[in-house]
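Report on the structure
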Amino acid sequence: MGLTSLDKIIALQKNPANIRNLCILAHVDHGKTTLADCLVASNGIISSRLAGKVRYLDSREDEQLRGITMKSSAISLHYAFGEKEYLLNLIDSPGHVDFSSEVSTAVRLCDGAVVVVDAVEGVCPQTQAVLRQAWLENIRPVLVLNKMDRLITELKLTSLEAFTHLQKILGQVNAVTGSLFTSKVLEERAEKEEWEEKKKEMERDSSGTGSQAEESQGADQVYDWSAGLEETDDSHLYFSPDQGNVVFASAIDGWGFSIQQFAHIYSQKMGIKDEVLRKTLWGDFFLNAKAKKIMKGAQAKGKKPLFVQLVLDNIWTLYDAVVTKRDKEKVEKMVTSLGVKVMARDSRHSDPKVLLSAICSQWLPISQAVLSMVCEKLPSPLDISTERVERLMSAGARRFDSLPERTQELKNAFIQCSSDAEVPVIVFVSKMFAVDAKALPQNKQRPLTQEEIGQRRELARQRHADRMAANQQAECSVDPAQSSSDTQSAQPGVEDVSSQMESLAGKEPRVEEVARETFVAFARVYSGVVRRGQRVFILGPKYDPAQGLSMLPEGCMASDCVPAVPHLTCCTVNSLYLLMGRELEELEEVPSGNVLGIGGLEDFVLKSATVSTSPACPPFIPLNFEATPIVRVAIEPKHPSEMPKLVRGMRLLNQADPCAELLIQETGEHVLVTAGEVHLQRCLDDLRERFAKIEISASKPIIPFRETVVRPPKVDMVNEELGRQQKMAIIHQVKEEAPQGRSSDTLHVDPSGLVTLSTPNRLATVGVCASPLPEEVTRLLDASSELVRTLEQLNMSLREGRSLQVSPRTLEAIADLKGRLAGLLQGHKWKNAVERIWAFGPRRYGPNILLNSVEGYQRPSVWHCLDRAEKGAEPAGQCPAVLRDLDNSIVSGFQLATLSGPMCEEPLMGVCFSVERWDLQQAQATTVSDRAETATAVPGDDGADPAVVAPEEEEEEGGDGQATRGREEAGSADCYGPVSGQLIAAMKEACRHAFQAKPQRLMAAMYTCEIMATAEVLGRVYGVLGKREGRVLHEEMKEGTDMFIINAVLPVAESFGFADEIRKRTSGLASPQLVFSHWEPEAKLAVQPDLGYEE
Ligand SMILES: Nc1nc2c(ncn2[C@@H]2O[C@H](COP(=O)(O)OP(=O)(O)OP(=O)(O)O)[C@@H](O)[C@H]2O)c(=O)[nH]1
Ligand SMILES: [Mg+2]
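Remember, it's a predicted structure, so these values are computed and weren't measured experimentally.

**Some thoughts on the coordination of the magnesium ion (ligand 2)**
- Taken together, Thr 33 (OG1) and Thr 69 (OG1) make up the protein donors of the magnesium ion (ligand 2), found 1.9 Å from the metal. Residue Thr 33 is found in helix α2 (residues 32–41), and its partner Thr 69 is found in the loop between α3 (61–66) and β2 (73–81); the two are separated by 36 residues along the sequence.

**What to know about the sheet that holds strand β27 (residues 764–772)**
- Taken in spatial order, the six strands make up an open sheet running β25-β26-β27-β30-β29-β28, and their pairing is mixed. The open sheet is flanked by β25 (747–749) and β28 (837–841), the only strands paired with a single partner. Sheet twist, expressed as the average angle between the axes of neighbouring strands with direction ignored, equals 20 degrees.
- Examined bridge by bridge, strand β26 (residues 755–758) and β27 share four bridges and lie antiparallel to one another. Each bridged residue has a counterpart across the sheet, and for Leu 757 the counterpart in β27 is Val 766.

**Topic: the layout of surface pockets**
- One number sums up the size of the second largest pocket: a volume of about 1,200 Å³.
- Around the second largest pocket sit 47 residues that line it, and Asp 29, Arg 1063, Ala 1070, Ser 1071 and Pro 1072 are the ones nearest its centre.
- Of all elements in the fold, only α25 (677–691), β33 (1000–1014), α37 (1058–1065) and β36 (1073–1087) reach the threshold of two or more residues within the lining of the second largest pocket.
- Tallying contributions element by element places β33 first for the lining of the second largest pocket, with five residues.
- Looking at side-chain class alone, the lining of the second largest pocket contains 20 nonpolar, 13 polar and 14 charged residues.

**Let's talk about the nonpolar core**
- Counting 106 residues, the largest nonpolar core has Leu 35, Leu 601 and Leu 672 as the members making the most contacts within it.
- Per-element accounting of this core gives the leading share, seven residues, to helix α16 (residues 366–377).
- When neighbours within four sequence positions are excluded, Leu 672 is seen to be in contact with Val 631, Arg 632, Val 633, Ile 635, Leu 653, Ala 660, Glu 661, Leu 662, Leu 680, Cys 683 and Leu 684.
- Listed in part, the 56 residues of the second largest apolar core include Ile 152, Ile 169, Val 311 and Val 331.

**Describing the packing of aromatic side chains**
- Counting across every chain of the model gives 23 aromatic pairs.
- Between Phe 163 and Phe 307 the ring centres are 5.6 Å apart and the planes differ by 35 degrees, which places this aromatic pair in the tilted class. Pair noted here: Phe 163 is in helix α7 (residues 159–207) and Phe 307 is in helix α12 (residues 306–324), with a separation of 144 residues, a long-range link.
- Overall, the relative accessible area of 0% leaves Phe 307 in the buried class.
- Look at Phe 1076 and Trp 1079: their rings are 5.7 Å apart centre to centre, the planes differ by 65 degrees, and that puts the pair in the edge-to-face class.
- Since its relative accessible area comes to 11%, Trp 1079 is described here as buried.

**A look at the sheet that holds strand β21 (residues 661–664)**
- One open sheet holds the four strands; their spatial order is β21-β22-β20-β23, and the pairing between them is antiparallel. Strands at the two margins of the open sheet, each flanked by one partner only, are β21 and β23 (696–698). Each neighbouring strand pair of the sheet contributes to a mean axis angle of 30 degrees, computed without reference to strand direction.
- The sheet strands contacting α25 are β20 (631–637), β22 (670–674) and β23, and the helix crosses β22 at an angle near 135 degrees.

**Section: the site of ligand 1**
- Close to ligand 1 lie 19 residues; Lys 32, Thr 33, Thr 34, Thr 69 and Asp 149 are nearest.
- The contact in question runs from an oxygen atom of ligand 1 to an N or O atom on the backbone of Gly 95, over 2.9 Å.
- The protein chains hide 84% of the 650 Å² of surface that ligand 1 would expose on its own.
- Counting only elements with at least two residues in the shell around ligand 1, the list comes to α2 and α6 (148–153).
- Examining the composition of the shell around ligand 1, we find that three residues originate from one element, α2, more than from any other.
- Of the residues in the shell around ligand 1, the class split is four nonpolar, nine polar and six charged.

**As for the pairing of β33**
- Counting buried positions along β33 yields 12 of 15 residues, so the element is predominantly enclosed.
- As paired elements, strand β24 (residues 705–709) and β33 share five bridges and run antiparallel to each other. In the strand pairing of β33, Arg 706 is matched with Met 1003.
- Alignment of β33 against strand β35 (residues 1043–1051), held across nine bridges, turns out to be antiparallel. Pairing of Thr 1014 across the sheet is with Met 1043, part of β35.

**Notes on empty space enclosed by the protein**
- A full pass over the atoms with the stated rule returns six cavities of 30 Å³ or more.
- Empty space within the second largest cavity amounts to approximately 60 Å³.
- Taken together, the residues of the lining of the second largest cavity break down into two nonpolar, three polar and four charged.

**What about the confidence of the model for the chain?**
- With 79% of its residues at a pLDDT of at least 70, the chain reaches an overall mean of 79.
- Taken element by element, the predicted model of the chain shows its lowest mean pLDDT in helix α34 (residues 963–969) (37) and its highest in strand β1 (residues 19–26) (95).
- This model gives residues 872–882 a pLDDT under 50, and the stretch forms 30 contacts once residues within four places in sequence are excluded.
- The model gives residues 923–972 a pLDDT under 50, and that stretch makes 78 contacts with residues more than four places away or in other chains.

The rules behind the values
- Starting afresh in each chain, residues are numbered from 1 along the sequence in its written order.
- Chains and ligands are labelled by the order in which they are written, letters from A for the one and numbers from 1 for the other.
- Residues qualify for local features only when their pLDDT is at least 70, as the model is predicted, and side-chain atom pairs are given and counted only at 80 or more; totals for whole chains, interfaces and linings, by contrast, use all residues.
- Excluding hydrogens and water, the side-chain values take into account all heavy atoms of the structure.
- A donor here means an N, O or S atom no more than 2.8 Å from the metal, or no more than 3.2 Å when the metal is Na, K or Ca. Since water is not included, a site may seem to lack partners.
- To qualify as a helix, a DSSP run of H or I must reach at least 4 residues; to qualify as a strand, a run of E must reach at least 2; elements of each kind are numbered from the N terminus.
- The pairing criterion for strands is at least two bridges between them, as found by DSSP.
- In this analysis, axes come from line fits to C-alpha atoms, helices being fitted only over the stretch in contact, and the angle between any two N-to-C directions falls in the range 0 to 180 degrees.
- Grid points spaced at 1 Å and placed over the protein atoms alone form the basis of the search, with a cavity being a set where a 1.4 Å probe fits but cannot get out and a pocket an open set showing protein on both sides within 12 Å along at least five of seven lines. Lining residues have an atom within 4 Å of a point.
- Grid points are joined across faces, edges and corners, and a volume is the space filled by probe spheres set on the points.
- In this classification, the charged set is Asp, Glu, Lys and Arg, the nonpolar set is Ala, Val, Leu, Ile, Met, Phe, Trp, Tyr, Cys and Pro, and all remaining amino acids, among them Gly, are polar.
- The set of buried Ala, Val, Leu, Ile, Met, Phe, Trp, Tyr and Cys residues whose side-chain atoms join them within 4.5 Å is what this entry labels a nonpolar core.
- Buried means the residue's accessible area, taken with a 1.4 Å probe over protein chains only, is under 20% of the maximum for its type, while exposed means over 50%, and partly exposed covers the values in between.
- Whether two residues are in contact is decided by their heavy atoms: any pair within 4.5 Å suffices.
- By convention, a stacked pair of Phe, Tyr or Trp rings (six-membered ring in the case of Trp) has centres within 6.5 Å and planes under 30 degrees apart, an edge-to-face pair has planes over 60 apart, and any other such pair is tilted.
- We call a residue near a molecule or strand whenever a single non-hydrogen atom of that residue lies within 4 Å of it.
- By the criterion applied in these results, polar contacts are pairs of N or O atoms within 3.5 Å in which, for protein atoms, one can donate a hydrogen and the other can accept it, and in which residues neighboring in sequence qualify only through two side-chain atoms.
- Note on areas: Shrake-Rupley, 1.4 Å probe, and residue coverage restricted to the protein chains presented here.
- Values of pLDDT, the confidence the predictor places in each residue, fall between 0 and 100.

What follows is the structure, encoded as structure tokens:
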């Protein structure tokens, strides 16, 4: 526990005004864990000499070995600042892109973040990513410019050059924040405008006349896009040393400072006011020595800026004396003038850095600089903003004001962050982490009491005496062989003692009992007090408080006998822990505003959950993960008999990792999907050593592909234009046999690629044609998958007759998507296509489109919810059941076809399936239209009539003479099974054939990477990239350094071992971060069309 006692921390936990929940965020290797070490050392948990060396929060062996953090871990620290005492719940997060999901789990529990930026490397890809995450979660950042020592010792910049360099880096960081801010303000402004527009419209509607005066006024208005930006005060958002939200530091040398500290020092020395110095120490100011005045315009006048003169020069001189020149005399002088004490062994040490950090850590202790900034600038749990609360509570694109009243009232509980007895407990669990059960405090060996020590001593003495007696006996005995058997049987004393020993030891948990992993929930209390033994509700992400409140009796508590409500379970809080890095401390209760660990939830919570004592509490919005799990391997146990252990291990790993996916495929293969190579390695290690504890063999990474079709070629192999005839010939490559398992009498493929297929009972026929979507459309759909998923959910609620309560922002985004799609789908071929979209797939939100081109078939469009949002829900049962079922069958067939394509059973991408025909034969059609008639008697309220299938004539059924016979035989359900099922299969097959009738391509997954390298190794980097089919997008020199930044794309298939190879070839000077970027069609993976029929 270090210097602070547990009691002290418990006391501090009760005062939320003095609590700061913060995380440290940065690009990989910018020094987060080193900084955390310095802060941990300030509490005496590790010695300050070891700070930066132990990397205390990197508790895993592989973290220490590889030198990178792989999980986020928390520690509670105490800090006395002025009169006040603070409790800091600090979370260190990983910077490697593979573990970015761990960052999301950390950010959610915090109110503020310390963003660390390497003073040499500046803003890197993950710096931008973490700033965006902090922004999305509405938490406030402060900045630490770390590794300042590198400017002196590596780049060898002068203090003035360093100043310019730092200004540039600060500019870069602020540019990222600025762009986030601008987009948000503009978005909000648009929302506000639209709302006002609507209000006006409503007023106009109610008054009955469109007032002309208003219109003319509207016409005069000039659209001023910047208005919103100017009104909004954004000064607190930017990092600026004079605002006190920037610390300059070298974590490795143990120093750090903010402008305030120097302002304080110099205001006393020079007699200039503290505030004046605070405002002028950073910027274009200089000191006029004669007039003893601070003046503006240092640059113009060629003077040394104040920051250089009063701050940097001091540090530069110290480094020069201690590290570069090793000038003992000068050092001694400086030590005296700074008033610090240096131990003799430090000044004698062969490594000058030891002396340096001994001086610096007393002169400008980094922990003080960072912690005081944290206490001053980061908000306490009491300062949580209304905006953040509403966002957290509005899961599933729901509008906050559409939540039940009792749920809305909970907002106050969040804002008050009260620990009163009557307020409901609200806790969010952001991840589950595995702990060796032996490491839990309740299972740890506690120190023995005096009495127990005495008892043990007595036992040991007795045992010793017995052994002596036995030995004597043995010596006396004549037959040694007999004696050994005698000793065993004739030693009642020894046995007695050992059994006593066992019974004594029995008080401690047995090894077998605890040698297993348990899970602790990484959580934060937002309201109320969690207590050990308390009964709570666990709310799943799909829990609906309105439904819960209506199903549960009034005033129902988790301790009552609760009726079954979907996505709601009850459980007991077994144990509560204070998270202390590698250690846990048991707690009885944890009040609001604190980060904590909860034991006993593993059977109820998989990865994250909301926990509350009130059923009115909504589930929190899901965590926002940036990484896409893309690297998959098949795993199996070395010994097949150990399969159950593997399965159990996979289950544990799945729970312990926020983003790994573990699947058992239809083929029975066990698959592990991870975010990248490093993540994969960690997951495999975890499986082998912790969760399954068996030998596992993993396949080579399975490269993901997407399947697509492209336009038929316009030129042949020798670049000659293909005539129409030839083109046809290419498309019409004849296949020898009919496709397996399908007789060709139900299948017809015409030269344009239109595939017509009947169900086995020949009652239904579909005609489908596949074509490639324009590239931009595919990209847009791929990027908007979340939105499309929301759209699909909205349509689903509409179909189920539920009312639509969706935030205006979501509706606006949907309308925008529709508009953009319409803009991209131009030309005769795509006429009216956007309105005709039937579904997206696979999984209903993928980047493929099903288009309704059936003549006379009208169905509600997918954009239905846009016009419905205002008018309320569609009355249930308006759409005839049979039609809807069959409509669903078409969609389901399409979903199946897009989920796994014919080339290698990988999902499709960028394909449009247009349904040109959909016939239902007489028997079926009669039933359908009968029902349709009765159903359409119910008037619709929007004019968009529900589906009616126009029974089409038979003669179009080219080449399918047997259809008539089939029709006569068939009833609505026959030996082939229900019609809906047959239609699904027929639709799926039709799509597959339509796909194969076009030139097919595989698309490869691509990574982007940013590589930073010095000029000397640039050539080697290009070499490695070239060998692996990487493409350099651009290259530029990083300002102020001798580094080049190369942006490149690289196929995932070629990426394994890439980072290692680059690191080796450049002697560790360049280390790339691979981030999944997009899918790209590969020419070399082309497959010719396969028409699947005989001509
Ligand atoms: N020169 C210099 N090196 C530093 C400083 N701080 C950290 N380092 C070094 O930078 C490397 C990375 O430090 P870490 O603290 O592990 O970085 P991190 O940000 O936690 O890295 P991840 O958790 O893997 O993202 C280590 O070798 C540190 O010794 C510093 O102030 N100056
Ligand atoms: Mg780290």
